[in-house]
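What follows is the residue order along each chain.
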Amino acid sequence: MNDLPQTPVDCQSQTIVPGSYFKSKKKHPCGSDVWEVLRAGADIKLKCNGCAHIITITRAQLKKQFKETTL
Ligand SMILES: [Zn+2]
């Protein structure tokens, strides 16, 4: 079966809004696993909700290692 998928999965078109929250599959050393989106462009800038550490990752990494969440 290789029909056209009804819902194409394309990480480029995924809407990532600054100010939204993502949960990491692995906890940050500070103990928090919640990250706030600061910037969403070609790369995603995330701020740790626990220690305010800022990381920049790709959309592919975000999809693999994070899950969208609400506080
Ligand atoms: Zn942290």
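Overview of the structure. Residue numbers restart at each chain and count upward from 1, following the sequence in its written direction. Per-residue local features of the predicted model are confined to residues with pLDDT of at least 70, and side-chain atom pairs are confined, for both listing and counting, to 80 or more; whole-chain, interface and lining totals are unaffected and use all residues.

Before going further, it helps to examine the overall build of the protein. Counting secondary structure elements, the protein contains one helix and five strands. To qualify as a helix, a DSSP run of H or I must reach at least 4 residues; to qualify as a strand, a run of E must reach at least 2; elements of each kind are numbered from the N terminus. For the protein, the sequential pattern of α-helices and β-strands runs β-β-β-β-α-β. Counts of 20 or more other C-beta atoms within 10 Å of a residue's own C-beta define buried residues, counts of 12 or fewer define exposed ones, and intermediate counts define partly exposed ones; C-beta atoms are placed from the backbone. When each of the 71 residues of the protein is scored for burial, the buried share is 7%. C-beta atoms are first placed from the backbone for all residues, and any pair lying within 7 Å is then listed as a contact. Looking at the protein alone, contacts between residues at least 24 apart form 32% of all its contacts between residues at least 6 apart.

Tracing the backbone shows Thr69 in strand β5 (residues 66–69). Separated by 46 residues in sequence, Thr69 and Lys23 place their C-alpha atoms 6.0 Å apart. Look past the residues within four positions of Thr69 in its chain and what remains in contact with it is Tyr21, Phe22, Lys23 and Val34.

The general pattern is negative phi for most residues beyond glycine and trans for most peptide bonds. Phi is positive for Ala52, close to 65 degrees, though the residue is something other than glycine. In this fold, Ala52 is placed in the loop between β3 (43–48) and β4 (54–58).

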